[in-house]
Each structure stands twice: as structure tokens, then as C-alpha cells.
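Breakdown of the fold
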Amino acid sequence: PLVSAQSFGQNKATTVRRDRILKEIVDTEASFVNALGLCIKVYLNPLIVNPASPRILEDKLIGEIFLNIQLIWKLNCTVLKKLKATMTKGASLLEVADHFLKLWEQNSNVNEYSYFITHFDKSRNLLSELCNPKSSSFNQRLKDYLDGLQAGAAKGMPLQAFLIQPVQRPPRYILLLTDLLKHTAEDTPEYAKLEQALHKTKVVVEQLNESKRTSESVAKLNMLQTSLVGAPEGFRLHMPAAVGGSSPRQYVFEGVVMEAGNAKGSRYLYMFLFTDILLFTKQMKNKYKFKRAIPLDDLTVSDIPQNETGQMSILLTWSSTIHYEEIVVTCRKAEEKEGWLGALKTSIAARKK
């Protein structure tokens, strides 16, 4: 059958759009690789190849700031080389999809990104602390070094703007591949291969995000453990596996509530929700006094409708060794109550799966 003029025009427009997306994939990859290369050449190399005497930064701090950026750069240099070769030969969608599949099929590549993304916040905070005149760790020579390079060879870009790019790159792949898939006919081998590449990239990005969440949770647990006083002997927040489950304990939510109805009247409590327990404490400056820890497997949560006084309360019930116990906690704002209800019910439901 003859192709209508309208259909021909649509197909041509789709092809033009697809070619533009392919060009954007290569161009943004080149920009990413060039940015990391500039960061290494301008900011990193002078600190390690020909360091000043005395040194501006010791090797340990250099590693904690720049992480494995050199390995990420080498990895993506290879990706860029393959993409450019494909475009030179004729922009094969099958080959482009294959490059992304092979990128994430190698665990070493995923591990390099995971290491960088997991440690990025710590790197950023360390850099901010070292360059803050009000910090006890302030390094005037480092600040002068970075300011001078930013104004000169780094073309106005601060070090932080370079270091965040490996964190942003994998999610950008999802956007580009989604757009490319949208402009590819569904009944073609190219569509199927691109769909595989997009799915694999989404799985990896979620894996990277989960790795980051786990790392942040461990850091939070360790920090809380040092701030917790009066806990029973042997009580540890950081556990390799949650009680009764195969997953490690993770931090979920926290906040101030008011306990109502006790003999001494109402009192403020600070609650921490983890994936397997609800921890009650009393906040004391920079410390938290242990009150009780309730396993989520034993906990029931009930919403108490708002009464005439405007109180926003939640009923918590749990089984102890000999009987059921309960406590009514009141939140200060409606959004705080909704936050607690959502977090508690979701965490309890997750324990039952």
C-alpha cells in the first residue's frame, strides 16, 4: 500500500527527532567525560603529582574528597569511544542499546558508581567544612587553592560542580533512553533492545539509590548509638540483620511527640522509627535517654480522630510478656501525624511480607 503524505511526514519527523536524541546522548557523554577530565587535570593532579610543600592536603583527605573520580572518568571514556564509533558507522540503535547493556552488565562498573554515589555526601560535607572559615577544620591554603583555580583554569566552575556530575549521570541515561524509546517503532528489534537497556539502567539506578540509602542509614544508626544513654546492656542500634528478618536494620523516621495520660501528666518523647523497632527516648541536649524499644512485629497502630481540642493523636498498642500495653502519642501538626501514620503502617506492613 502507498504511504500517505501525512504518515510519511510523521515518520520523517520521528526519524529527525530520534537522530537528535542520539546526538544528545553522545554530546552529553562527551561533556561529562570532558568535565571529569578537567576536574582531574585542574583540581586533583596538582595535589598529588607535584604537591606544594608543606602539602595542602594529605592523601587521606584527597581520597575522601575526590573518591574514585579517576576510575569513573576512565570507565566513561570507554563508553564515549564506543558511542562515537557507532555514530560514525551510521547510528545503529541496536548498537547504542547494546553499549548500555554491556555498561551495566559488568559488576565492576556498577560498583565504581556505587562507591562514588554512596560516599558523595560525606565528600561534599568534608569539602564544605575545610573551606568554611568558621569551622575548626578550616584550611585557608585549600580555600585559596580552590578559589584561584575556579577563577582561572576551571573556567568559573567550583570543584563541587564537577564532583556532583557522576551522581547525576545515571539518572540522565534514563531520561535519554526513555525519549529514544518513545521515538522508535514498537514492532522493531531496535525497540525491544532499547527497552532492555532502559529496564537495566532503571534497575541499576535503583540499586545505586538503595546502596546510598543503606549507607546513610548505617551512618545514622552509628551516630544515634553514640548519643543514646541508659539503654539495656547489649542493646545495639546497628545490627547486621533485623530481628526475625533477613534485611539489616535501617532508619526510617523520627520526631517529637507528646505522651498523654500518664500519672505525671503529659510529657515529651522523641521517637525513632526503624525497619524493625520503634524506639522511645527523651531528648536531653545532644543525648537521647532510652525509654523503651517496641518490635514492629508486636505493634498495632490506630488513628484517633481529631477531637474538640484539636489534638492529633495516635494509639500505639503492643503485646508484652504478660499483657497488652498501649500509649497515646500526640503530634504538634496534622502533617506530622500523617507522616507518622504513613511511616508506621508502611514499615509494619513491610515486616509481614
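Note that the structure is a prediction, hence the values are computed from the model and not measured. (Residues numbered from 1 in each chain as written. Predicted model: local features only at pLDDT ≥ 70, side-chain atom pairs only at ≥ 80, totals over all residues. Heavy atoms only, no water.)

1. A few points about the confidence of the model for the chain
Here is the rule: pLDDT runs from 0 to 100 and stands for how confident the predictor is about each residue. The contact definition used throughout considers only heavy atoms, calling two residues in contact when any of these lie within 4.5 Å.
Averaged over every residue, the pLDDT of the chain is 89; residues scoring 70 or more account for 92%. Residue range residues 1-9 is modelled with pLDDT below 50. Its contacts to residues more than four positions away, or to other chains, number one contact.

2. Quick word on the sheet that holds strand E7 (residues 312-319)
Formally: For two strands to count as paired, DSSP must find a minimum of two bridges between them. Labels follow the DSSP assignment, with helices taken as runs of H or I lasting at least four residues and strands as runs of E lasting at least two, numbered in each case from the N terminus.
Strand order in the open sheet formed by eight strands is E1-E5-E4-E3-E2-E8-E7-E6, and the pairing between neighbours is mixed. The open sheet terminates on both sides in strands that have one partner only, identified here as strand E1 (228-229) and strand E6 (299-304). The pairing of strand E2 (residues 251-260) with strand E8 (residues 324-331) spans three bridges and is classified as antiparallel. From the neighbouring strand, Met258 faces E8, where its bridge partner is Thr330.

3. A look at the pattern of salt bridges
For the record, the criterion: Salt-bridge detection follows one rule: a side-chain nitrogen of Lys or Arg within 4 Å of a carboxyl oxygen of Asp or Glu.
Counted according to the given criterion, the structure contains 21 salt bridges. Put simply, Glu254 and Lys220 hold a salt bridge, and the shortest N to O gap is 2.7 Å. Taken together, the residues span a long stretch of sequence, with Glu254 in strand E2 and Lys220 in helix H9 (residues 189-227) at a distance of 34 residues. Notably, a salt bridge pairs Glu259 with Arg267, separated by 2.6 Å at the nearest N-O pair.

4. A closer look at unusual backbone geometry
Let me state the cut-off plainly: The buried label applies to any residue whose accessible area, calculated with a 1.4 Å probe on protein chains only, is under 20% of its type's maximum; exposed applies above 50%, and partly exposed to all values in between.
Its identity as a non-glycine residue notwithstanding, Leu67 has a phi of 55°, on the positive side. In this fold, Leu67 is placed in the loop between helix H2 (59-66) and helix H3 (69-89). Unusually for a residue other than glycine, Lys155 sits at a positive phi of about 60°. For Lys155, a relative accessible area of 70% corresponds to the exposed category.

5. Notes on the packing of helix H5 (residues 107-130) against H9
Just so we agree on the cut-off: In this analysis, axes come from line fits to C-alpha atoms, helices being fitted only over the stretch in contact, and the angle between any two N-to-C directions falls in the range 0 to 180 degrees. With respect to orientation, any angle under 35 degrees is reported as roughly parallel, any angle over 145 as roughly antiparallel, any angle of 65 to 115 as roughly perpendicular, and every other angle as oblique. With the far helix as reference, a near helix turned anticlockwise by less than a right angle produces a left-handed crossing, and one turned clockwise produces a right-handed crossing. Residues were grouped as follows: Ala, Val, Leu, Ile, Met, Phe, Trp, Tyr, Cys and Pro as nonpolar; Asp, Glu, Lys and Arg as charged; and all remaining residues, including Gly, as polar.
In the contact formed by H5 and H9, the axes pass within 9 Å of each other and the chain directions differ by 40°. Compared by their axis directions, H5 and H9 come out oblique. In terms of crossing hand, the pair formed by H5 and H9 is right-handed. Only Val204, Gln207, Leu208, Ser211, Lys212, Ser215 and Glu216 of H9 make contact with H5, whose side of the interface consists of Val110, Tyr113, Ser114, Ile117, Thr118 and Asp121. Along the lines of polarity and charge, the residues of the contact of H5 with H9 split into five nonpolar, five polar and three charged.

6. Quick look at the packing of aromatic side chains
Cut-off, in case you're wondering: Between rings of Phe, Tyr and Trp, where Trp is taken as its six-membered ring, a pair exists when centres lie within 6.5 Å; planes separated by under 30 degrees are stacked, by over 60 edge-to-face, and by other angles tilted.
By the definition in use, this model includes twelve aromatic pairs. Judged by centre distance (5.8 Å) and plane angle (65°), the ring pair of Trp104 and Tyr113 falls under edge-to-face. Of the residues examined, Tyr113 reaches a relative accessible area of 1% and is grouped as buried. Judged by centre distance (5.3 Å) and plane angle (50°), the ring pair of Tyr270 and Tyr288 falls under tilted. In this pair, Tyr270 sits in strand E3 (residues 267-274) while Tyr288 sits in strand E5 (residues 287-295), placing the two residues 18 residues apart along the sequence.

7. Looking at the layout of surface pockets
As a reminder of what qualifies: Here the term cavity refers to a set of points on a 1 Å grid, laid over the protein atoms alone, in which a 1.4 Å probe fits but cannot get out; the term pocket refers to an open set having protein on both sides within 12 Å along at least five of seven lines, with lining residues being those that place an atom within 4 Å of a point. Grid points are joined across faces, edges and corners, and a volume is the space filled by probe spheres set on the points.
By volume, the second largest pocket is sized at about 200 Å³. In this structure, the second largest pocket is lined by Thr118, His119, Asp121, Lys122, Ser215, Glu216 and Ala219. Contributions of two or more residues to the lining of the second largest pocket are made by H5 and H9. No other element matches H5, which puts four residues into the lining of the second largest pocket. When the residues that make up the lining of the second largest pocket are grouped by side-chain class, the tally is one nonpolar, three polar and three charged.

8. Considering the state of the cysteines
Using the following cut-off: Cysteine sulfur atoms are paired as a disulfide whenever they come within 2.5 Å of each other.
Taken as a whole and assessed by the stated rule, the structure comprises zero disulfides. No disulfide involves Cys39; its nearest neighbouring cysteine sulfur is the one of Cys77, lying 13 Å away.

9. A word on helix H10 (residues 334-352)
Here is the rule: Expected span of a helix: the number of residues minus one, times 1.5 Å.
An ideal rise of 1.5 Å per residue puts 27 Å on 19 residues; H10 measures up with 27 Å between its terminal C-alpha atoms. By the burial criterion, the buried members of H10 are Lys337, Trp340, Leu341, Ala343, Leu344, Ser347, Ile348 and Arg351. In this structure, the buried residues of H10 make contact with E2, E3, strand E4 (277-284), E6, E7 and E8.

10. Here we look at the nonpolar core
Where we set the bar: Throughout this description, the term nonpolar core refers to a set of buried Ala, Val, Leu, Ile, Met, Phe, Trp, Tyr and Cys residues connected via side-chain atoms within 4.5 Å.
Among the nonpolar cores identified, the biggest contains 64 residues, and Tyr43, Ile65, Phe66, Ile69, Leu142, Leu159 and Leu163 are the most heavily contacted of them. By size, the runner-up hydrophobic cluster in this structure holds 21 residues, among which are Phe280, Leu296, Val301 and Ile348.

11. Thoughts on the environment of Pro170
Mapped onto the elements, Pro170 comes out in helix H8 (residues 165-182). Beyond its immediate chain neighbours, meaning those up to four positions away, Pro170 contacts Trp104, Tyr113, Thr201, Val205 and Leu208.

12. Notes on the side chain of Asn68
Here Asn68 is to be found in the loop between H2 and H3. Taking relative accessible area as the criterion, Asn68 reaches 8% and is therefore assigned buried. When residues no more than four places from it in sequence are discounted, the contact partners of Asn68 are Glu112, Tyr115 and Phe116.

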